[in-house]
Every structure is written in structure tokens, then in C-alpha cells.
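For reference, the chains in residue letters:
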Amino acid sequence: AFIGSVEMSLPFFGGEEGVCRVLEQVTGIIQEENSDTRWWTTLLNSGCRTGIEFRECWELLQGEARDCCDYLGVALEGELAFPVEAVGDGKVDGSTRALVTQQRESLRAKVLNKALTLHPDQTARPVWAFPQFDKMSCAWLLATPSPDTFMSAPVFREAMATHLLLPSPCCQNLVGKPTGYRNTMVDVFGDNVMCATLPFDTWRSRHNDVQRGLVARANDARVEVEAEVFGLFRDIIPAAVLVEGGGLHTVRQRSGCIPDLRLGFQVSLRDRRPDYIPRRGRPPGNPGDQADPLPSPRPAQRLAQGPTTRYLAELKCINAGPSRYPRGEANSRDKQVDRRARALPAEYKGKLAPIDQQYYQAATGVTGPLVQRLESLEEFLCCVVGAFSEVSEDLERVIHAMAESRKNTL
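Residues numbered from 1 in each chain as written. Predicted model: local features only at pLDDT ≥ 70, side-chain atom pairs only at ≥ 80, totals over all residues. Heavy atoms only, no water.

Backbone-to-backbone hydrogen bonds pair the strands of a sheet. The strands run either parallel or antiparallel. Overall, mixed pairing links the 4 strands, which are arranged β1-β2-β3-β4 in an open sheet. Strands at the two margins of the open sheet, each flanked by one partner only, are β1 (224–227) and β4 (380–385). Averaged over all pairs of adjacent strands, the angle between their axes in this sheet comes to 25°, without regard to strand direction. Sheet topology note: the strand β3 (residues 309–317)/β4 ladder contains 6 bridges and is parallel. Looking at β4, one finds that Leu-315 is bridged to Cys-383. Those strands touched by helix α12 (residues 336–359) are β3 and β4, and its axis lies near 135° from that of β4. Helix α14 (residues 393–409) contacts β2 (261–265) and β4 of the sheet and is inclined by roughly 100° relative to β4. (Pairing = 2+ DSSP bridges. Helix = DSSP H or I, 4+ residues; strand = E, 2+ residues; numbered from the N terminus. Axes fitted to C-alpha atoms, helices over the stretch in contact; angles between N-to-C directions. Contact = heavy atoms within 4.5 Å.)

Moving on: the nonpolar core. Formed by 28 residues in total, the largest nonpolar core has its most connected members in Phe-233, Tyr-325, Leu-370 and Phe-388. Elements with a minimum of two residues in this core: α6 (125–129), α12, α13 (369–376) and β4. Of the residues forming this core, the biggest block, 6 residues, is contributed by α12. Listed in part, the 21 residues of the second largest apolar core include Met-136, Ala-221, Cys-383 and Val-391. (Core = buried A, V, L, I, M, F, W, Y, C linked by side-chain atoms within 4.5 Å. Buried < 20%, exposed > 50% of the residue type's maximum accessible area, 1.4 Å probe, protein only.)

Attention shifts here to the packing of helix α1 (residues 2–9) against helix α4 (residues 49–72). Two elements in contact, α1 and α4, have axes separated by 10 Å at closest approach and are oriented at 135°. Judged by the inter-axis angle, α1 sits oblique to α4. Between α1 and α4 lies a crossing whose hand is left-handed. On α4, the residues touching Phe-2, Ile-3 and Val-6 of α1 are Thr-50, Glu-53, Phe-54, Cys-57, Trp-58 and Leu-61. In the contact of α1 with α4, the residues fall into 7 nonpolar, 1 polar and 1 charged. (Parallel < 35°, antiparallel > 145°, perpendicular 65-115°, else oblique. Left-handed = near helix turned anticlockwise from the far one by under 90°. Nonpolar A, V, L, I, M, F, W, Y, C, P; charged D, E, K, R; others polar.)

Before going further, it helps to examine the packing of aromatic side chains. What the rule picks out here adds up to 8 aromatic pairs. Between Phe-265 and Tyr-311 the ring centres are 6.2 Å apart and the planes differ by 50°, which places this aromatic pair in the tilted class. In this pair, Phe-265 is assigned in strand β2 and Tyr-311 in strand β3, connecting sequence segments 46 residues apart. Here Phe-265 falls in the buried class, since its relative accessible area comes to 1%. A relative accessible area of 9% means that Tyr-311 is categorised as buried. The structure contains a cluster of three or more aromatic residues connected by ring pairs, namely Trp-128, Phe-130, Phe-133, Tyr-325 and Phe-388. In this arrangement the basic side chain of Lys-114 is found over the ring face of Tyr-71, its NZ or CZ atom lying 4.9 Å from the centre. Across the ring face of Phe-189, the terminal group of Arg-125 is positioned such that the distance to the ring centre comes to 4.2 Å. (Phe/Tyr/Trp six-rings, centres within 6.5 Å; stacked < 30°, edge-to-face > 60°. Lys NZ or Arg CZ within 6 Å of the ring centre and 35° of its normal.)

Here the focus is the environment of Ile-399. Within the secondary structure, Ile-399 is located in helix α14. Separated by 130 residues in the primary sequence, Ile-399 and Leu-269 place their C-alpha atoms 9.7 Å from one another.

So, about empty space enclosed by the protein. The tally for this structure, following the rule as stated, stands at 2 cavities of 30 Å³ or more. Reported here for the second largest cavity is a volume of approximately 40 Å³. For the lining of the second largest cavity, the secondary structure elements donating two or more residues are α4 and α5 (95–117). Considering each element in turn, the lining of the second largest cavity owes the most residues, 4 residues, to α4. When its residues are assigned to classes, the lining of the second largest cavity shows 5 nonpolar, no polar and 3 charged. (1 Å grid on protein atoms, 1.4 Å probe; cavity = no way out; pocket = protein on both sides within 12 Å on 5 of 7 lines; lining within 4 Å. Points joined across faces, edges and corners; volume = space filled by probe spheres on them.)

A few words on unusual backbone geometry. Notably, Leu-165 is not glycine yet its phi reads approximately 60°, a positive angle. Tracing the chain through its elements places Leu-165 in the loop between α8 (153–163) and α9 (191–195). Judged by relative accessible area, Leu-165 falls into the buried class, the value being 15%. At Phe-200, a position not held by glycine, the phi torsion is positive, near 70°.

So, on to α1. Of all the residues in α1, the buried ones are Ile-3, Gly-4, Val-6 and Glu-7. The buried side chains of α1 occupy one side of the element, clustering within an arc of 165° when seen end-on. Summarising the contacts, the buried residues of α1 are in contact with α3 (41–45), α4 and α5. (Arc of directions from axis to C-beta.)

Tracing the sequence through the fold places His-207 in helix α10 (residues 202–220). Residue classification places His-207 among the buried residues on the basis of a relative accessible area of 15%. A distance of 3.1 Å separates a polar side-chain atom of His-207 from the backbone oxygen of Leu-315. (Polar contact = N/O pair within 3.5 Å; in protein donor to acceptor, adjacent residues only side chain to side chain.)

Purely spatial values, then, with no claim about function.
Given below as C-alpha cells:
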């Protein structure tokens, strides 16, 4: 913040159009691009307090960056590689602050990832849990309290303990006692409790809370939204399947073929990242093998509105059990919410394919009418919320599109 504020203010004190030409002997004047004089040389050589603090601040940031690069075994590049006299490389809009912050956070993340990779106990909770975190993991904890974001003190304490990977406060007096589900015991982090089938339908309650939150945000953004989309396959499902003994007799069986949401956006959803579906046979990558591209400021753009494009969305919530979050395995550091999301289309087809085979005599490997209907529908968005409040790629795309839609209505 200090570097950015100096960059945005001092260059405009001197010069012919400066606001205070008396201070030109301290601030200097804006140099031409082909000048040999460095940008901040006059300020640093003036001996003023601002110049001294400016040098100390930059040396502190640069020293931390060099230590990180030494640990990672890479050369220091980017904004933090400039000498103190050339900080910002001539910028006067304060963008150096954003670039330095991005590079600093990127280096810290790489250091922590390498340290966790080299940790002797690969089953330790931070080793497999920290790579799951994304910008959604703490955004709701930092939100301004409101009727929608209010949490009681015990709930907030529990949420912060989960985010900081600390033992659950409410489970400390119950560790070792049976949960009543599959002979599991209460653990210090409460994972077994959250994975157990508890009274009052807690899994569905959590799912419905997230669904209602998405519907509310969609309404605020003037986005078309419909919850629990019924009747997508009703006209081609044989009546025998819906009677007693059929594959879709109970409400529970039928709900597996009902998408949670239908969303209509007038803005385009951004594409999925290239590595969303990993290539088969690719070994897990080493974070230090390839350096990430240097951060660059992105200008704010308003997405153009067009005709409404509708999407089906399925919402799932997962717990921190070993089946969803493997410990000490090769894929433990992969984004587990994306792994769960990639499996959803196959699960839908798996519910419909047996009906095609039984009632439409579709041969194995041949697409029947129900599966054809599923494939002909709009893009299927697989939205998953993880145990650490992280979200899948598709849910992040939905949230981004809602934000853009909301911005266009202001």
C-alpha cells in the first residue's frame, strides 16, 4: 500500500504542471523513457524520511522474495526484481501494488506447496487439505455480517477451526465415542461425524441451504433460475418404471434424475480451464517443474449481454471423508471437488441407461432414447461444494456469471 501510494502521488508534485514545484528537489521530475536517470533516484538521494522508508520497504519485500526464490531454486523475476531506483518501471497509476501483491502471494503459495510436498507425513491434514483451498474458502468467513451472512459465535468458531485445519472445538469432549454409523468413532476434526447419517436429514438440509443461496443470488442478479427441474424425461419414461417395483417408483429414486437448477444467463460463461479434465496416464506434476506466468493487471471489462442461454446444473456437497479426500495417495493434492464434478454426468447416464436397456431394448454400448435426451439438453453444469468451502470449476463459473449479470443491472 505504501509503495502504491507513493507511486500515485509524488511524481505529480514536480514538473511544469506539478501541484507543488517547491518539492521538486525531493521528488524529482518524471524522466523521459530514454533517460539514464532512474525513476526514484532523486527521492532516494534526498535523505528525506519518505525516501528512507521507501528504500526500507522495498528492500524488505525484495529480501522476502529472494528467500522464497532461493528455497524454490529459481531466479527472481517480475516486479520484485527491479532495483529500488526503478520500482514500478515508470508507472504512476498505482498498479505496482497489485503486481507486487500477486507475485508475493504466488511465491508464498509455491513455498508452502513445496514444503507440504516434502513433509515426512503425507497423511497429515495440512498436506492434503491445503491444496483444496480456493478464493471461495474464506470469502464467506470475511463477508460483512448481514441477515444472509450472519453466524452465531459457536458456528463461526467451528468454521474458523475448519479453515485453519485445527481440531473441532465442539468435538473435543466427545473424541473416541461412537457416532452410531458403521462403527465409526468421533475424531478430533469431526470428519466422521459429518460423514455419518445423522437425524433430521442434515445432508439434505445443507444441500438445500446452498441451493437456496444460489437461487437468492440469481434473483438479485436478474438471472433466470428454476429449482428442481421436473419433467425432463417424463414423456419418454415408460409407465411401468413408475409403478411399484419399477426403477423409479420412490421419490428418492426419481430425484436422482432431477437436476437441481436451470439457469439462464445473458452473459457468456467463461471456458473451463485447460487442465479441468486431466490427461490419462499423466504423472502428478511437481509444483517446481514449471514456473507460473508472471501476473499482469487485467482491465475491468463489462461482458456483452446477448440472448439468454440456459443451462442445467446439478449441486452436490461432499464431506472430508477418505473416499472423497484421499490421504497420502498420488492424487491427494488434486482438486477433489472437480474430481467429484467430473463423475456427475456418468452418474446421470448410469441411472438412465438401465431403463433404456430394459424397456427400450437398447444394446449395451448403444445410446437409448433417455440417454439421448440427456445428451441433447443444454450444457450440464456440475456444481460441487467441498468440506473446506471450496467450489468446483463449474460453480465458480456460475458465481462469476452471476456477478457479471448483477453488474450489468446496476
